[in-house]
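Given next are the chains, with one letter for each unit.
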Amino acid sequence: MDDADMFATARHIKERYADIPFVVLTPFSKEVSKRLAKEDLSAVDYVFSWLGNSDLLLAIIKLIEDAMNVEQDTESVGVQIILLIEDSVRFYSSALPTLFKIVLEESKEFSKEALNGHQRMLRMRGRPKIMLARTYEEAVEIYTKYPNNILGVISDMSYTHEGEKDPLAGYHLAKWLKQKDKWLPI
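Read on for an overview of the structure. Being a predicted model, the structure only gives us computed values, none of them experimental.

Focus: the pairing of strand β1 (residues 23-27)
Alternating residues of β1 divide into V24 and T26, all buried, and V23, L25 and P27, none buried. By the bridge criterion, 5 bridges tie β1 to strand β2 (residues 46-50) in an arrangement that is parallel. For P27, the partnering residue across the bridge sits in β2 and is W50. On the question of chirality, the crossover connecting β1 to the parallel β2 by way of helix α2 (residues 30-38) is right-handed.

Okay, structure coming up:
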């Protein structure tokens, strides 16, 4: 974040290599948050706050892998999705490593029941994908695309809805989701 041209560099890279994920990893501070609020983040796929947890690096990689593989894995083998809706960089930077750790540990335990190495690998690949939505509209888009694959939803209460910060966005989303699937865990 010390480089004033970092976001211009990001835009330049995205123009040339649109499919390459671009992640900003920054220490958390109020000054950084204020600067991020003013920046054009259109070329940045994710912003994460470094809180000293090295598991964040694995979570970033897994989140990007899941986003790249979710369509293929849901269609081919019916992989399930855990949807996290959160707009606070600081919160999802701490929540995602924990969530991935839990899912990976459970998948590892489940894969031990497989008969051979190939079956174990397939079971690990079939672990639930974790998708991150940072707005109401992103959450609706993910749910609408994968309605039969959503295993559960973890949602903040307040985030952007229709371009405005809505203190009850999580409530409105949960209400909408329950109309679609009354048994969906939220």
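Still more ground to cover, so stick around.
Notes on the packing of helix α6 (residues 136-145) against helix α7 (residues 169-180)
The N-to-C vectors of α6 and α7 enclose an angle of 15°; their axes lie 11 Å apart at closest approach. Regarding the angle of α6 to α7, the classification is roughly parallel. The two elements α6 and α7 meet at a crossing, and its hand is right-handed. Side by side, α6 and α7 meet where Y136, A139, V140, Y143 and T144 of the first sit next to A169, H172, L173, W176, L177 and K180 of the second.

Here we look at helix α1 (residues 6-16)
Every buried residue belonging to α1 is among M6, F7, A10 and K14, and all of these are buried. End-on, the buried residues of α1 take up no more than an arc of 95°, which puts them together on one face. Counted as exposed and oriented over 90 degrees from the buried face of α1: E15 and R16. Elements in contact with the buried residues of α1: β1 and α2.

Examining the side chain of S93
For S93, the position within the fold is in helix α4 (residues 89-111). Looking at S93, its side chain comes within polar contact range of the main-chain nitrogen of S49, at 2.8 Å. Setting aside residues up to four positions removed in sequence, S93 forms contacts with F48, S49, L51 and L56.

Quick notes on the environment of R127
Mapping R127 onto the fold places it in the loop between α5 (117-125) and β4 (129-133). Of the residues examined, R127 reaches a relative accessible area of 5% and is grouped as buried. Sequence-distant contacts of R127, defined by excluding residues within four places in its chain, comprise K62, D66, V79, F100, V103, L104 and S107. Here D66 takes part through its side chain, which lies 2.7 Å from a polar atom of the side chain of R127.

Examining the pattern of salt bridges
Using the criterion set out here, one finds 8 salt bridges in the structure. The salt bridge partner of K145 is E71, with a shortest N-O separation of 3.2 Å. Pair noted here: K145 is in helix α6 and E71 is in helix α3 (residues 55-77), with a separation of 74 residues, a long-range link.

Rules used in this analysis
- Residues numbered from 1 in each chain as written.
- Predicted model: local features only at pLDDT ≥ 70, side-chain atom pairs only at ≥ 80, totals over all residues.
- Heavy atoms only, no water.
- Buried < 20%, exposed > 50% of the residue type's maximum accessible area, 1.4 Å probe, protein only.
- Helix = DSSP H or I, 4+ residues; strand = E, 2+ residues; numbered from the N terminus.
- Pairing = 2+ DSSP bridges.
- Right-handed = clockwise from strand over helix to strand, strands pointing away.
- Axes fitted to C-alpha atoms, helices over the stretch in contact; angles between N-to-C directions.
- Parallel < 35°, antiparallel > 145°, perpendicular 65-115°, else oblique.
- Left-handed = near helix turned anticlockwise from the far one by under 90°.
- Contact = heavy atoms within 4.5 Å.
- Arc of directions from axis to C-beta.
- Polar contact = N/O pair within 3.5 Å; in protein donor to acceptor, adjacent residues only side chain to side chain.
- Salt bridge = Lys/Arg side-chain N within 4 Å of Asp/Glu carboxyl O.

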